[in-house]
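# Coordinate inspection notes
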Amino acid sequence: MKTSFHHSANWGLLAFIVIFCCSLGTAQSTDVLRIEYLNMPPNDTGIKTQRYKALFNLPIKINAKNDYLITGLEYNRFDMGYTENYPFDKKELIRFHIIDMNFGYITKWNENWNIVAILTPRLASNFISGTVTDDFFLNATATFWKEKPKAEKPYRIVLGLTYNSTTGLPVPLPLISYYRRFHPDWAFTLGIPRSDLKYYVSKKHVFEMALFLDGYFINLQNSILLEDGQVASKISLTSLLGTVGYQYNISNRMAIFAMVGRSVVQEGKLRNDEQGNVFLLNDESNFYIRTGFKIGIF
């Protein structure tokens, strides 16, 4: 039995909000609950990364016009390992945490387009000494969204801007996404920060190839003094990842998944308070493994 082309319009609205309440670097997912593990084994620079992730999002319908509020919480923990020696103490760079609170609102602009706004207060730090002011970041997303879920070949268009420091690029970035289910067994998404191609073997089994941005931007509570006199107070990673994946659908909304791949481009850096680069940690590709469990909106 092949997966149906069609989803209800209301579920489409909710799915879109949750997509952009989630960290854009780590995932675009139509999930209300997600538990995930990521492993990037040591590369030529001797750096390895493990990430543990959990998220929950709750959609709340507020009126008969199908306006929605979204509240949610996401937590990421990064455990880092180093085999190379550096001209500074690495003890500040072992474990990092990102905690997001998501607040979203969607309203209908006209017959075809919806307006979506997401505000995400964030704590991103190594939390050596509780929390400090510099651990706090404020991220935001504003988009126009259009979807035709009941068309012969369903599609979705998203156009907007997002400010999200998880990408390691703390500037507003374009958010562009075009999705089309062009065949009962095939669908694609083209855009920034994610593009993918999916093949639906059956209702239970789905294969995927994807190219997407990932990363983080995190405060270091105790600044690191380098040999050249510069001071590092932030750490960032920006990666472009290519992956292949498999998903097993336990039910219509519940699934387990796994993906493997490699970073195409990667830069891990120490930065100063002005976001300037002060030390290059990692510019070599990593192997990439990710697996998890999720409950989706549809």
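Look a little higher up for the structure.
Here goes a summary of the coordinates provided. These numbers come from a predicted model, not from an experiment.

Glancing now at the pattern of salt bridges. Following the criterion strictly, the structure yields 14 salt bridges and no others. Measuring nitrogen to oxygen at the nearest pair gives 3.1 Å for the salt bridge that ties Asp 196 to Arg 194. One continuous salt-bridge network, built from bridges that share partners, spans Arg 34, Glu 36, Arg 51, Asp 214 and Arg 290.

Core analysis: the largest hydrophobic core is formed by 23 residues, its most contacted members being Phe 88, Leu 93, Phe 96, Tyr 216, Ile 218, Ile 235 and Leu 270. Sorting the residues of this core by element identifies β3 (68-82), β4 (95-108), β11 (205-225), β12 (231-249) and β14 (277-282) as the ones contributing at least two each. Contacts of Phe 88, omitting those with residues within four sequence positions, involve Leu 93, Ile 224, Leu 225, Leu 226, Leu 270, Phe 279 and Leu 281.

Attention now moves to empty space enclosed by the protein. Under the criterion given, the structure shown has 5 cavities of 30 Å³ or more. Roughly 120 Å³ of internal volume is contained in the largest cavity. As for the largest cavity, its lining consists of 16 residues, and the residues nearest its centre are Ile 47, Met 80, Tyr 216, Leu 237 and Asn 282. Broken down by secondary-structure element, the contributors of at least two residues to the lining of the largest cavity are β2 (47-61), β3, β12, β13 (254-271) and β14. Each residue belonging to the lining of the largest cavity can be placed in one class, and the counts come to 8 nonpolar, 6 polar and 2 charged. Here the second largest cavity defines a volume of roughly 80 Å³. If you go around the second largest cavity, the residues you meet are Leu 38, Met 40, Thr 49, Arg 51, Phe 78, Asp 214, Gly 215, Tyr 216, Leu 237, Ser 239, Leu 241 and Tyr 288. If you list the elements that add at least two residues to the lining of the second largest cavity, you get β1 (31-40), β2, β11 and β12. Tallied by class, residues from the lining of the second largest cavity come to 7 nonpolar, 3 polar and 2 charged.

To continue, consider the side chain of Thr 189. Relative to the elements of secondary structure, Thr 189 occurs in strand β9 (residues 186-192). Among all residues touching Thr 189, those that are not within four sequence positions of it are Ser 177, Tyr 178, Tyr 179, Arg 194, Ser 195 and Asp 196.

Attention now moves to the packing of aromatic side chains. Aromatic ring pairs are described here by two measures, namely the spacing of the ring centres and the angle between the planes. Scanning the model with the defined rule gives 14 aromatic pairs in all. For the pair Phe 96 and Tyr 216, a centre-to-centre distance of 6.4 Å together with 35° between the ring planes defines the contact as tilted. Taken as a pair, Phe 96 in strand β4 and Tyr 216 in strand β11 lie far apart in primary sequence, 120 residues in all. Side by side, Phe 96 and Tyr 216 carry an identical accessibility label, which is buried. On the numbers, 5.9 Å between centres and 85° between planes, the contact of Phe 137 with Phe 217 is edge-to-face. Highlighted residues: Phe 137 in strand β6 (residues 136-148) and Phe 217 in strand β11, separated in sequence by 80 residues. A residue is classified by how much of its surface remains accessible, and Phe 137, at 13% relative accessible area, is buried. Among the aromatic residues, ring-to-ring pairing joins Tyr 82, Tyr 86, Phe 88 and Phe 279 into one connected group. Seen from the ring of Tyr 200, Arg 181 lies directly overhead, with NZ or CZ sitting 3.9 Å from the centre.

On the surface, Phe 56, Leu 58, Ile 60, Ile 62, Leu 69 and Tyr 105 cluster together to form a nonpolar patch covering roughly 490 Å² of accessible area. Among the elements that line the nonpolar patch, the one with the most residues is β2, at 3 residues. One can find Leu 69 in strand β3.

Time to look at the pairing of β14. Both β13 and β14 contribute to a ladder of 4 bridges, which runs antiparallel. When the bridges of β14 are listed, Arg 271 appears paired with Asn 277. Adjacent in sequence and paired antiparallel, β13 and β14 are bridged by 5 residues, among which Gln 275 carries a positive phi angle near 70°.

Each value, and the rule that gives it
- Residues numbered from 1 in each chain as written.
- Predicted model: local features only at pLDDT ≥ 70, side-chain atom pairs only at ≥ 80, totals over all residues.
- Heavy atoms only, no water.
- Salt bridge = Lys/Arg side-chain N within 4 Å of Asp/Glu carboxyl O.
- Core = buried A, V, L, I, M, F, W, Y, C linked by side-chain atoms within 4.5 Å.
- Buried < 20%, exposed > 50% of the residue type's maximum accessible area, 1.4 Å probe, protein only.
- Helix = DSSP H or I, 4+ residues; strand = E, 2+ residues; numbered from the N terminus.
- Contact = heavy atoms within 4.5 Å.
- 1 Å grid on protein atoms, 1.4 Å probe; cavity = no way out; pocket = protein on both sides within 12 Å on 5 of 7 lines; lining within 4 Å.
- Points joined across faces, edges and corners; volume = space filled by probe spheres on them.
- Nonpolar A, V, L, I, M, F, W, Y, C, P; charged D, E, K, R; others polar.
- Phe/Tyr/Trp six-rings, centres within 6.5 Å; stacked < 30°, edge-to-face > 60°.
- Lys NZ or Arg CZ within 6 Å of the ring centre and 35° of its normal.
- Patch = residues over 30% accessible without salt bridge, like charges linked within 9 Å, V, L, I, M, F, W, Y side chains within 5 Å.
- Areas by Shrake-Rupley, 256 points an atom, 1.4 Å probe, with all protein chains shown as cover.
- Pairing = 2+ DSSP bridges.

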